[in-house]
Amino acid sequence: MQRIRVWRVSATDLIIWGIGFLIGGIALWGTIATLREGLYTSSDWVSFLIFGLAQGAVYALIALGYTLVYGILFMINFAHGEIFMGGAYIGYFVARAFDESGFLDSNPILALAIIFLVAMSVSISMAVALERIAYRPLRRAPRLVPLITAIGASLFLQYSFRGLFGTGIKVYPDVEILKGSWQIGGVMVLRIHVIVFVCAVLMMAGLYWLVQRTKMGKAMRAVAEDKDAAALMGIDVDRVIVNTFIVGGALAGAGGVLFALYNKQVIHTMGFIPGIKAFTAAVLGGIGNIPGAMFGGLFLGIFESIGPPLFFTGLGVPSPNQLKDVIAFSMLVLVLIFRPTGLLGEVLTEKKA
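None of the values given here were measured: they were computed from a predicted structure.

(A) Representation of the overall build of the protein chain within the structure. Assigned secondary structure in the protein chain consists of 14 helices and four strands. What you see for the protein chain is a C-alpha radius of gyration of 22 Å, in line with the 20 Å of a compact globule of 353 residues. Along the three orthogonal principal directions, the C-alpha set of the protein chain runs to about 80 × 65 × 40 Å. The buried share of the protein chain, reckoned over its 353 residues, is 46%. In the protein chain, of all internal contacts separated by at least 6 residues, the share reaching a separation of at least 24 is 77%.

Shown next, in the form of structure tokens:
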């Protein structure tokens, strides 16, 4: 006997869908109005795209830290934004010392390599310390407990940096080889944006190779599937979890320096907004899914760069770029409404959600 499937729609569902369609309708209306007015040239759109790729690549590096930890421990590490901040912040002092000594101008590539190594080492140390001190004792606790702990750890790190280094903004020195622009396809593109994007993509490719092709990556995937079964197969679960935090911390530290190189400024609160946006990117791609975090970060960066001028200029908004955070968090709401498992959500994610 054939069963007829009945869809039950509540009033709450209708209200939520109505909000979603209203946001989508406004975006469509603004897009049509902007394109009709022709306020931006094709070169402008390409510039927006390149900047979005660079910004999105940094989001992706941070989002990978969220998704790696969630994949292993099923917890959201809200202190990950501060791990990103810590690397960039300590990297500033190294960059400033190199700049004052002239080493940054005489050997820029070696100086940048050392700055990256220092920043990644600091972020790794912070990530491992958090895992060992704050998260490991709570591994068998209810999921709300480590979540609250992560928020507390985030505030602890943020206020520690404020107390140690002050509340002022620190400005990264200029690096001569990163200045200027290149002509790509007839469009002038800032050199720093291209370098940031290429560096981030190389790191993401390295992570994908690590997870898919190495023994350590196989162990990480086994622990993500079932910790107890992995332990019975002889895998050192604690070591795998520490390795996961090391990888996430290294990516966050590198992402912090890349972010600081084109934004020029570091401050103790700089990890909050990029961290929340990277979490949005991880949710967008499907948290727990590594390719999803990469895709989500790039998509969010492009959407955030192109969206404000595309959606709001035609509506007469005087400063559309000031609304880029509205774009990012509206996307998070829409994704949670229409596809809670993310655009690349998989069966594994649904089980762990």
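We are not done yet, so read on.
(B) Up close: the pattern of salt bridges. Evaluation of the coordinates by the stated rule reveals 10 salt bridges. Within this structure, Glu131, Arg136, Arg139 and Asp238 form a network of salt bridges that share partners.

(C) Inspection of the side chain of Asn77 at higher detail. For Asn77, the position within the fold is in the loop between α2 (42-73) and α3 (80-101). Beyond its immediate sequence surroundings of up to four residues, Asn77 is in contact with Tyr66, Val69, Ile83, Tyr135, Ala150 and Phe245.

(D) Region of the structure containing unusual backbone geometry. A positive phi angle, near 60 degrees, is found at Phe74, a position not held by glycine. Positive phi values are uncommon outside glycine, yet Lys264 reaches one of about 75 degrees. Locating Lys264 in the fold gives a position in the loop between α10 (237-263) and β4 (265-266).

(E) Inspection of the pairing of strand β3 (residues 187-190) at higher detail. Alternating positions in β3 separate cleanly, Val187 and Val189 being buried on one face and Met188 and Leu190 remaining unburied on the opposite face. Here four bridges tie strand β2 (residues 181-184) to β3, and the two strands are oriented antiparallel to one another. Residue pairing in the sheet places Ile184 in a bridge with Val187 of β3. Linkage of β2 to β3, two consecutive antiparallel strands, is achieved through a turn of two residues, within which Gly185 is found at a positive phi near 60 degrees.

(F) View of the packing of α3 against α10. At a closest axis distance of 7 Å, the pairing of α3 and α10 adopts a crossing angle of 55 degrees. Classified by the angle their axes make, α3 and α10 are oblique. The handedness of the crossing between α3 and α10 is right-handed. When α3 is examined against α10, the residues His80, Ile83, Phe84, Gly87 and Ala88 are found in contact with a partner set consisting of Gly248, Gly249, Ala252, Gly253, Gly255, Gly256, Val257, Phe259 and Ala260. Counted by class, the contact of α3 with α10 contains seven nonpolar, seven polar and no charged residues.

(G) Inspection of the confidence of the model for the protein chain at higher detail. Mean pLDDT over the protein chain: 86, with 95% of residues reaching 70 or higher. Across the protein chain, element-level confidence peaks in helix α5 (residues 108-135) with a mean pLDDT of 94 and bottoms out in helix α14 (residues 347-352) with 49.

(H) Molecular detail of helix α11 (residues 272-285). When the terminal C-alpha atoms of α11 are compared, their 20 Å separation across 14 residues agrees well with the 20 Å that a helix rising 1.5 Å per residue should span. Burial runs high along α11: 11 of the 14 residues are buried. Listed in full, the buried residues belonging to α11 are Pro274, Gly275, Lys277, Ala278, Phe279, Thr280, Ala281, Ala282, Val283, Leu284 and Gly285. Turning to α11, the residues buried within the fold contact α2, α3, α10, α12 (290-312) and α13 (324-338). Looking at the residues trailing α11, positive phi occurs at Gly286, about 110 degrees.

(I) Local environment of the environment of Asp44. Mapped onto the secondary structure, Asp44 falls in helix α2. Classification of Asp44 by relative accessible area gives partly exposed; the value is 30%. As for Asp44 and Val187, which are separated by 143 residues in sequence, their C-alpha atoms are 8.9 Å apart. Among the polar contacts made by the side chain of Asp44, one reaches the main-chain amide nitrogen of Thr41 at a distance of 3.0 Å.

(J) The arrangement of the packing of aromatic side chains in detail. The full count for this structure, using the stated rule, is 21 aromatic pairs. With a centroid separation of 5.6 Å and an interplanar angle of 70 degrees, the aromatic rings of Trp45 and Phe48 are classed as edge-to-face. Here the residue Trp45 and the residue Phe48 both occupy positions in helix α2, the gap between them amounting to three residues, near one helical turn. Look at Tyr66 and Phe279: their rings are 5.9 Å apart centre to centre, the planes differ by 55 degrees, and that puts the pair in the tilted class. Here Phe279 lies in helix α11 and Tyr66 lies in helix α2, a separation of 213 residues in the sequence.

(K) A look at the environment of Leu73. With respect to the helices and strands, Leu73 occurs in helix α2. The class of Leu73 is buried, set by a relative accessible area of 16%. Taking C-alpha positions, Leu73 is 22 Å from Leu343, a pair spaced 270 residues apart along the chain. Ignoring anything within four residues of it in the chain, the contact list for Leu73 reads Arg139, Lys227, Ile241 and Phe245.

(L) Broad picture of the side chain of Thr31. One can find Thr31 in helix α1 (residues 11-37). For Thr31, a relative accessible area of 15% puts it in the buried group.

(M) Layout of the nonpolar core. Counting 88 residues, the largest nonpolar core has Tyr135, Leu207 and Leu261 as its most contacted members. With 15 residues, α2 is the single largest residue contributor to this core. Counting seven residues, the second-largest nonpolar core is a separate cluster that includes Ala27, Leu310, Phe312 and Ile327.

What counts and how
Residues numbered from 1 in each chain as written. Predicted model: local features only at pLDDT ≥ 70, side-chain atom pairs only at ≥ 80, totals over all residues. Heavy atoms only, no water. Helix = DSSP H or I, 4+ residues; strand = E, 2+ residues; numbered from the N terminus. Rg over C-alpha atoms; globule rule 2.2 N^0.38 Å. Buried < 20%, exposed > 50% of the residue type's maximum accessible area, 1.4 Å probe, protein only. Contact = heavy atoms within 4.5 Å. Salt bridge = Lys/Arg side-chain N within 4 Å of Asp/Glu carboxyl O. Pairing = 2+ DSSP bridges. Axes fitted to C-alpha atoms, helices over the stretch in contact; angles between N-to-C directions. Parallel < 35°, antiparallel > 145°, perpendicular 65-115°, else oblique. Left-handed = near helix turned anticlockwise from the far one by under 90°. Nonpolar A, V, L, I, M, F, W, Y, C, P; charged D, E, K, R; others polar. pLDDT = per-residue confidence, 0-100. Expected span 1.5 Å × (residues − 1). Polar contact = N/O pair within 3.5 Å; in protein donor to acceptor, adjacent residues only side chain to side chain. Phe/Tyr/Trp six-rings, centres within 6.5 Å; stacked < 30°, edge-to-face > 60°. Core = buried A, V, L, I, M, F, W, Y, C linked by side-chain atoms within 4.5 Å.

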